[in-house]
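A look at the structure
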Amino acid sequence: MTDELDIRTAIKDTLPTVFGYIGIGLAFGVVSQSVGLSVLMVVLMSAITYAGSAQFIMVSMLVSHNPVVSIMVAVFLVNARMILMSTVVAPYFKKDSMWRNIFIGALLTDESFALSMNKVNYTEHKMSFEWFNTANLIAYFTWMIASGVGALLGQLVAHPERLGLDFALVAMFIGLLYLQVIADRSLAKSLQLIVILAEAVIIYLGLIFIPGNLLLVVGTLLGCATGVVIKHAFY
């Protein structure tokens, strides 16, 4: 990465993450088609809901004939982490209009958030609407197209997990985490590694005691609190 924040640079920075969207998008399309959703319904769900993991939950709950209210609550809980991410991103766009902030927030994803937090390590903690919006749009259209293609290929690929498509997003996040650690010059590497290990333990224990819909939010808050305590106590 460089310290430039124009559209061309955003395209270059975002392209490595596209493969993660393609893999999991194909998997979502295949799964959705296998339970009876049409290609149009899959594409519209990806275009309107645009919620990644929450879309898998929607499909499973639709198949189980759950009430609409229950589906809405489940999707909200899964995506509640976006509230936390938006509060982190918002200060970078104080000088931009409200509509630009809304547009950034509406298309914000885990991946674009992680990518932006890595990017600010190279830009003296500056961010531009052009860069972030480009990253968001690339993610949005890639996800939508990949899920549609996955639905078309659904009859040919009955078990996407056998091709490793379900691991594509996990692999991408591991790569983004690595890039964040090596790029962040403001924190000691030892501190970052300790917080990563602490977060892994929190998530592991959370899988036992905390409902999956709440685990991401609770795990994030506990991980942040742990990092703050360790930093002020030992660094």
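Keep in mind the model is a prediction, meaning the values are calculated, not measured.

Here we come to the overall build of the protein chain. Within the protein chain, the regular secondary structure consists of 11 helices and zero strands. Starting at the N terminus and walking to the C terminus, you meet the elements of the protein chain as α-α-α-α-α-α-α-α-α-α-α. Across its three principal directions, the C-alpha atoms of the protein chain cover 55 × 45 × 35 Å. Per-residue burial over the protein chain gives 42% buried out of 235 residues. Intrachain contacts of the protein chain at a sequence separation of at least 6 include 77% that bridge at least 24 residues.

Splitting the protein chain by domain gives domain 1 (7-186) and domain 2 (187-235). With 14 residues of domain 1 in contact, the opposing surface of domain 2 contributes 11 residues. Both sides together, the interface formed by domain 1 and domain 2 hides about 1000 Å², and carbon and sulfur atoms give 68% of it. Applying the counting rule to domain 1 against domain 2 returns zero salt bridges.

Let us look at helix α4 (residues 68-79). The end-to-end C-alpha separation of α4 is 17 Å, in line with the 16 Å expected for 12 residues at 1.5 Å each. Those residues of α4 lying buried are Ile71, Ala74, Val75, Val78 and Asn79. Projected onto a plane normal to the axis of α4, the buried residues spread over an arc of 120° and lie on a single side. The exposed set on the far side of α4, more than 90 degrees from its buried face, consists of Val69, Met72 and Phe76.

For the rest of this paragraph, the subject is the packing of aromatic side chains. With the rule as written, the count across this model stands at six aromatic pairs. Taken together, a centroid distance of 5.2 Å and an interplanar angle of 75° make the contact between Tyr140 and Phe141 edge-to-face. Classification of Tyr140 as buried rests on a relative accessible area of 15%. Its relative accessible area of 42% is what places Phe141 among the partly exposed residues. Taken together through their ring pairs, the aromatic side chains of Phe28, Phe56 and Trp143 make up a single cluster.

This part covers the UniProt feature "transmembrane region" (unreviewed entry) in the protein chain. With numbering matched to this structure, UniProt assigns "transmembrane region" (unreviewed entry) to residues 20-44, 137-157, 163-179 and 191-210. As annotated, residues 20-44 comprises 84% helix and 0% strand, and the C-alpha atoms at either end are separated by 20 Å. The straight-line gap between the two end C-alpha atoms of residues 191-210 is 26 Å; of that span, 95% is helix and 0% is strand.

Scanning the entire structure with this criterion turns up three salt bridges. Salt-bridge contacts for Arg100 lead to Asp96; the nearest nitrogen and oxygen are separated by 3.3 Å. Judged by its relative accessible area of 32%, Arg100 falls in the partly exposed class. Note that Glu130 and Arg100 form a salt bridge whose closest N and O atoms lie 3.9 Å from each other. With Glu130 in helix α8 (residues 129-152) and Arg100 in helix α6 (residues 98-106), the pair connects residues that are 30 residues apart, well separated along the chain. Residue classification places Glu130 among the partly exposed residues on the basis of a relative accessible area of 35%. Overlapping salt bridges, with partners in common, bring together Asp96, Arg100 and Glu130 in one network.

Criteria and thresholds
- Residues numbered from 1 in each chain as written.
- Predicted model: local features only at pLDDT ≥ 70, side-chain atom pairs only at ≥ 80, totals over all residues.
- Heavy atoms only, no water.
- Helix = DSSP H or I, 4+ residues; strand = E, 2+ residues; numbered from the N terminus.
- Buried < 20%, exposed > 50% of the residue type's maximum accessible area, 1.4 Å probe, protein only.
- Contact = heavy atoms within 4.5 Å.
- Domains from an automatic or database assignment.
- Buried area = accessible area lost by both parts, 1.4 Å probe.
- Salt bridge = Lys/Arg side-chain N within 4 Å of Asp/Glu carboxyl O.
- Expected span 1.5 Å × (residues − 1).
- Arc of directions from axis to C-beta.
- Phe/Tyr/Trp six-rings, centres within 6.5 Å; stacked < 30°, edge-to-face > 60°.
- UniProt positions renumbered as here; feature names shortened; annotations may be inferred.

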